[in-house]
Amino acid sequence: MAATAERFELKLGKATRDAFGEALRELAKTNDRLVVVDGDVSNSTRTEWFAADHPQRFFNVGIAESNMVGVAAGLAAAGKIPVVASFACFLLCNAYDQLRISVAFPQLNVKAVGSHAGISIGEDGPSQMAIEDIALACALPGFAVLAPADEVATRVAVRAMLEHDGPVYLRVGRPKAPVVYGSEADFPFQIGQAVRLRQGNDVTIVANGLMVAAALQAHDRLAETGVSARVLDMPSVKPLDEAALDEAARETGAIVVAEEHLAHGGLGSVVATAVAGLRPCPIAFVNLGDTFAESGPGDELLEKYGLTAADIVRGANRAVAAKRQG
Amino acid sequence: MDTTTAAVASDARSDAPASTPDVETLIATARRLRRDILEMTTHAGSGHPSSSMSAIDVIVALYSGGILRHNPQEPHDPDRDRFILSKGHASPALYAILAERGYFGHDLLRTLRQTGSPLEGHPNMRRLPGVEASTGSLGQGLSIGLGHALAGRIDGRSFHTYVMVGDGEVQEGQIWEALMSGAHLRADNLTLIVDHNQAQQSNILERVLDYRPLAEKLRAFHWHVEEIDGHDMPAILAALESVRQVKGQPQAIVAHTVKGKGVSFVEADWTYHGRAITKDDLQKALAELRD
Ligand SMILES: Cc1ncc(C[n+]2csc(CCOP(=O)(O)OP(=O)(O)O)c2C)c(N)n1
Ligand SMILES: [Mg+2]
């Protein structure tokens, strides 16, 4: 993934799924309520590291996602903190009714973790790519929905997820992620809070996951053309940091939202809804649109499907132009 | 199975309440709860009385026959036995027994399905103590029960989990996922009860999707299986009791039942599924259920 590093002009760090697996292993040392339910993909989601330490608290129920989520619900009802992890697409799409009725309806303390989210997984292709997971998770009442940007952010998000009392969806990715945060001190995150990465007055870039790195790069390019862009990392899609958005709309008057997700129901939709109700301003959207991607190297797919810094720059300019037209 | 055998089986339980009612009392209780089921659903004007009446004998045996270790005063006691009604549409049966056992007052049954009442159309564990799972989307309860069973194993607790499903519900793929995984994980603290009333919503099981015989399939999935007449109180008690002694594998009780059991004109007509008896027919039905 050297090309990724080049494109983002940022140092490559660990994949967020690796950061998740490590954080889980670490936190399990001091939290004996933690249990993991897996659907035969622990070596992909990295829950295998937890399993190695705690075989008695790890259940691989086979390739059976509905049962996997249901078992997690029962464990939660009996007082455990179950982490149920699979590919994001299989977890959300295959077991949606179980997330809905076995978990969300009774507000059980289940932590649903979807790995391999987005099109950046690359060669395995559309059947393995979650492009609608955020929309689906947001439509589960009472779920918190998190999409951290990098290794440090993921570690902090995993801790926040486990401390949170209630159901959570956490989205992590397969490829190595560019380093956005040097240390945890740079990422003062709580569920429901955005992190302001760059100050700016002309436009605000709102992004999460892998697109945060692209947003930073877009910020620099916009600066070269005299456009001052604010950058908000929005790891918490639900609950949403409405105060940060209100401030951004008031102070910059133009927004571009970037995400590795379909147009419908993701961060863009959520932000647009909030801004429309708070302080309407022009918003541009950088996302996958209304299509599946295809097989290919992750970098090339991000390029081909319009999820790069250049796309964010164009979106920012559109939003700024719309603002100027009034 | 006669009464004597059942009594022996109950005696084998060291922690059974001293005053476990005799079989005649349990039969009378089930008859009374059938009346509750009919009255509350007709009063509500909707609901699933026939699905509730096929299940009620097993449910009475569990809760009042000294099988389930539970304390209505402590509905969240971590050591309690669990009963999960996966076929959540039979909620009137669950509400009737919970009221009977003192989880809430009998008067509350009259509020079934009304705005503001915790007695929702399908069980809501957040609103009503004693309800172990929020069900209503068929197929989900066995997995939840397995989760409870695994939690009990991790914590070294000796509670037992019973899950009741409908025979139409067994057509859900998730049930078979849970069957495989329950056996693989040797969840011997888990019992599945199938209310095998041979009917589902749109027709009888034979015409919708005939997967019978069920017991053979469950055995092939490595579950210990007992087949009983689900309206024969001594047989029910004996089966519920004996499965707890099985080690190393989960158990299933295939309870052969009659949908609408106790009211002849409901028994005879599967289209009563999901329908309350009319106010006019209620007295006729109750007359068949007199003590
Ligand atoms: C997933 C799902 N699909 C469909 C329904 C609608 N439904 C409610 S009850 C029922 C029939 C259930 O039949 P069975 O499991 O045999 O239960 P019985 O009423 O006979 O006890 C159906 C199809 C549902 N509740 N959940
Ligand atoms: Mg049936």
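Since the structure is predicted, the reported quantities are computational estimates derived from the model, not experimental observations.

Asker: Honestly, the overall build of chain B in this entry has me stumped. Any pointers?
Answerer: Scanning chain B from N- to C-terminus turns up 11 helices and 5 strands. Taking 291 residues into account, the globule formula puts the C-alpha radius of gyration at 19 Å, and chain B, at 18 Å, falls close to it.

Asker: Would you mind showing me how to read the domain arrangement of chain A here?
Answerer: Accessible area lost upon the coming together of the parts is a frequently used measure of interface size. Residues and elements named next belong to chain A. Taken domain by domain, chain A holds domain 1 (2–178) and domain 2 (189–325). Computed over C-alpha atoms only, the centres of domain 1 and domain 2 are separated by 24 Å. On the side of domain 2, 38 residues touch domain 1, which itself brings 37 residues to the contact. By residue class, the composition of the side of domain 1 that touches domain 2 is 25 nonpolar, 7 polar and 5 charged.

Asker: Would you take a moment to explain the site of ligand 1 for this structure?
Answerer: Close to ligand 1 lie 20 residues, the nearest being Ser51(B), Gly166(B), Gly168(B), Glu169(B) and Gln200(B). Its residues assigned to classes, the shell around ligand 1 shows 3 nonpolar, 12 polar and 5 charged.

Asker: What's the story with the interface of chain A and chain B in this structure? I'm lost.
Answerer: Chain A puts 26 residues into the contact, and the matching count from chain B is 25 residues. Among the elements of the structure, helix H5 (65–77) and helix H7 (96–104) of chain A are those that each provide at least two residues to the side of chain A that touches chain B. Take the side of chain A that touches chain B: its biggest share by element is 9 residues, from H5(A). Here the side of chain A that touches chain B is built from residues that sort into 13 nonpolar, 10 polar and 3 charged.

Asker: Explain helix H9 (residues 151–163) of chain A to me, please; I cannot follow it from the model alone.
Answerer: Given 3.6 residues to a turn, an α-helix orients residues that are three or four positions apart in the same direction. In this model H9(A) runs 19 Å from its N-terminal to its C-terminal C-alpha over 13 residues, within 8% of the 18 Å that 1.5 Å per residue would give. Within the sequence span of H9(A), burial applies to Glu151(A), Val152(A), Ala153(A), Thr154(A), Arg155(A), Val156(A), Ala157(A), Val158(A), Ala160(A), Met161(A) and Leu162(A).

Asker: Explain the nonpolar core to me, please; I cannot follow it from the model alone.
Answerer: All names here are of chain A. Formed by 216 residues in total, the largest nonpolar core has its most connected members in Ile 205, Ala 215, Ile 255, Val 256, Ile 312 and Ala 316. When residues are assigned to domains, this core turns out to be shared by domain 1 (2–178) and domain 2 (189–325), each giving three or more. Excluding its chain neighbours within four sequence positions, the residues that come into contact with Ile 205 are Ala 215, Ala 218, His 219, Ala 229, Arg 230, Val 231, Val 256, Ala 258, Ile 312 and Ala 316.

Asker: Could you clarify how one ought to interpret the environment of Val60(B) in this entry?
Answerer: Residues and elements named next belong to chain B. Within the secondary structure, Val 60 is located in helix H3 (residues 49–64). Residue classification places Val 60 among the buried residues on the basis of 27 C-beta atoms within 10 Å. For the pair Val 60 and Leu 33, spaced 27 residues apart in the sequence, the C-alpha separation amounts to 8.6 Å. If we ignore the near neighbours within four places in the chain, the residues touching Val 60 are Leu 26, Thr 29, Ala 30, Leu 33, Gly 65 and Ile 97.

Asker: Would you mind showing me how to read the sheet that holds strand S2 (residues 161–166) of chain B here?
Answerer: Sheet strands pair by backbone hydrogen bonding; their relative direction is either parallel or antiparallel. All names here are of chain B. Ordered in space as S1-S2-S3-S5-S4, the 5 strands form an open sheet in which the pairing is parallel. In the strand order of this sheet, the two ends are held by strand S1 (82–85) and strand S4 (224–229), each with one partner. In this sheet, neighbouring strand axes are inclined to one another by 20 degrees on average, regardless of whether the strands run parallel or antiparallel. Of the strand pairs in this sheet, strand S3 (residues 190–196) and strand S5 (residues 251–256) are connected by 6 bridges, and their pairing is parallel. Of the residues in S5, the one forming a bridge with Thr 191 is Gln 251.

Asker: Teacher, can you tell me more about the environment of Gly209(A) here?
Answerer: Residue and element names in this part refer to chain A. Structurally, the position occupied by Gly 209 is in the loop between strand S10 (203–207) and helix H10 (211–224). Gly 209 gets classed as buried once you count the C-beta atoms within 10 Å, which come to 31. Each C-alpha atom, one on Gly 209 and one on Ala 258, is 9.3 Å from the other, the two residues being 49 residues apart in sequence. Not counting chain neighbours up to four residues away, the residues in contact with Gly 209 comprise Gly 118, Ala 147, Ala 149, Arg 171, Gly 173, Glu 259 and Glu 260.

Conventions used here
- Residues numbered from 1 in each chain as written.
- Chains lettered and ligands numbered in written order.
- Predicted model: local features only at pLDDT ≥ 70, side-chain atom pairs only at ≥ 80, totals over all residues.
- Helix = DSSP H or I, 4+ residues; strand = E, 2+ residues; numbered from the N terminus.
- Rg over C-alpha atoms; globule rule 2.2 N^0.38 Å.
- Domains from an automatic or database assignment.
- Contact = placed C-beta atoms within 7 Å.
- Nonpolar A, V, L, I, M, F, W, Y, C, P; charged D, E, K, R; others polar.
- Near = placed C-beta within 6 Å.
- Expected span 1.5 Å × (residues − 1).
- Buried ≥ 20, exposed ≤ 12 C-beta atoms within 10 Å, placed from the backbone.
- Core = buried A, V, L, I, M, F, W, Y, C linked by C-beta atoms within 7 Å.
- Pairing = 2+ DSSP bridges.
- Axes fitted to C-alpha atoms, helices over the stretch in contact; angles between N-to-C directions.

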